[in-house]
Amino acid sequence: MAKTKYDQIYEELRERIEQQEYGFQQLLPSENTLVKEYDCSRNTVRRAIGRLAGEGYVQSLHGKGVRVIYQPGHPSEFMLSGIESLKEAVARNRKEYSTKVVCFAELTVDERIHGRTTFPVGEEIYYIQRVRYIEGEALIMDHNYFLKDVAKGLTPEIAEQSIYEYMEQVLGENIVTTKRKVTVERATQIDEKYLKLGDYNCLAVVSSMTYNADGVMFEFTQSRHRPDKFAFYDLAHRVR
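Residues numbered from 1 in each chain as written. Predicted model: local features only at pLDDT ≥ 70, side-chain atom pairs only at ≥ 80, totals over all residues. Heavy atoms only, no water.

### Looking at the overall build of the protein chain
Each helix and strand in the protein chain was counted, giving eight helices and ten strands. Residue pairs at least 24 apart in sequence account for 60% of intrachain contacts in the protein chain once pairs closer than 6 positions are excluded. Accessible surface, the protein chain: about 13400 Å² in total, of which carbon and sulfur atoms supply 46%. (Helix = DSSP H or I, 4+ residues; strand = E, 2+ residues; numbered from the N terminus. Contact = heavy atoms within 4.5 Å. Areas by Shrake-Rupley, 256 points an atom, 1.4 Å probe, with all protein chains shown as cover.)

Here is the structure:
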């Protein structure tokens, strides 16, 4: 998909903030300055700023401007409020990463899979196990279930890069909503086989159900994280 001017402004300002060109507590350039720089409307600039505010990068101050409130995450931080792929998350945290597919299967949903994912019995799905390496360490075990009718043509090679990037840029899918649940669970034999758990016998587990623009739940994913390396955060606004 071609990027809109709004996307361009959002991504470039986010990059400048993450690179600390605009540092913590510093004000962004004025709205007038950004309108001239990008040759766009005020509404386009405001939309981009609004998205940055919604993701915790900036805060608008009435009569003063827009202040940067982003601080680089340490350890690696994953956003619960937004929808970002691991590739996007580690890029935001300035980390190196790679993915290894250890299982790739085409299955029909049975009662057991239905009980775990809520996909209807009889649906055709891809089931993928992926080990995620960050800074050379195996830190995440992903169990991905994707509807074949939506995530058409998935391959292990695509799964080792970015499934969301493929779906958005190649298939033209619009990924809209994710519901997440965070739990702490005992390590399984698969976790112990692929992750370096050391003395840990449990993991932080994020279970996600993701929907497209048609309201179809096309993905169920369980991401199992080594507990010492990750922080999950959300952003909330107090309403008076």
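### Considering the nonpolar core
Looking at soluble globular proteins, one finds that nonpolar side chains tend to be buried together. The biggest cluster of nonpolar side chains holds 25 residues, and the ones touching the most others in it are F119, F146, L154 and M167. Going through the elements one at a time, β5 (124-134), β6 (137-147), α6 (156-159), α7 (163-169) and β9 (217-225) are the ones with two or more residues in this core. In this structure, V35, V45, A53 and Y57 belong to the second largest nonpolar core, which totals 21 residues. (Core = buried A, V, L, I, M, F, W, Y, C linked by side-chain atoms within 4.5 Å. Buried < 20%, exposed > 50% of the residue type's maximum accessible area, 1.4 Å probe, protein only.)

### Points about the packing of helix α1 (residues 5-18) against helix α3 (residues 42-54)
Between α1 and α3, whose axes approach to 9 Å, the crossing angle comes to 45 degrees. On the basis of the axis angle, α1 is oblique to α3. Pair α1 / α3 crosses with right-handed handedness. On the side of α1, the interface is formed by K5, Y6, D7, I9, Y10, L13, R14 and I17, while α3 contributes T44, V45, R47, A48, I49, R51 and L52. Across the contact of α1 with α3, the residue classes break down as nine nonpolar, one polar and five charged. (Axes fitted to C-alpha atoms, helices over the stretch in contact; angles between N-to-C directions. Parallel < 35°, antiparallel > 145°, perpendicular 65-115°, else oblique. Left-handed = near helix turned anticlockwise from the far one by under 90°. Nonpolar A, V, L, I, M, F, W, Y, C, P; charged D, E, K, R; others polar.)

### What to know about the packing of α1 against helix α2 (residues 31-38)
Look at α1 against α2: their axes get within 12 Å of each other, and the N-to-C directions meet at 120 degrees. Taken as axis vectors, α1 and α2 run oblique relative to one another. Here α1 and α2 pass one another in a crossing that is right-handed. Between α1 and α2, the contacting residues are K5, Q8, I9, E12, L13 and R16 on the first element and L34, E37 and Y38 on the second.

### Things to note about the confidence of the model for the protein chain
Counting all residues, the mean pLDDT for the protein chain is 88, and 88% of those residues have values of 70 or more. Mean pLDDT values over the elements of the protein chain span from 57, in strand β3 (residues 76-79), up to 97, in α6. (pLDDT = per-residue confidence, 0-100.)

### Description of unusual backbone geometry
Phi is positive for Q20, close to 65 degrees, though the residue is something other than glycine. Mapped onto the elements, Q20 comes out in the loop between α1 and α2. Although it is not a glycine, Q25 sits at a positive phi angle of roughly 75 degrees. You can see Q25 is positioned in the loop between α1 and α2.

### Examining the pairing of strand β2 (residues 65-68)
Along a regular strand, successive side chains alternate from one face of the sheet to the other. Two elements, strand β1 (residues 58-61) and β2, share four bridges in a ladder whose sense is antiparallel. The residue bridging Q59 from the neighbouring strand is R67, located in β2. Linking β1 to β2, which pair antiparallel, is a turn of three residues; within it G63 sits at a positive phi near 80 degrees. (Pairing = 2+ DSSP bridges.)

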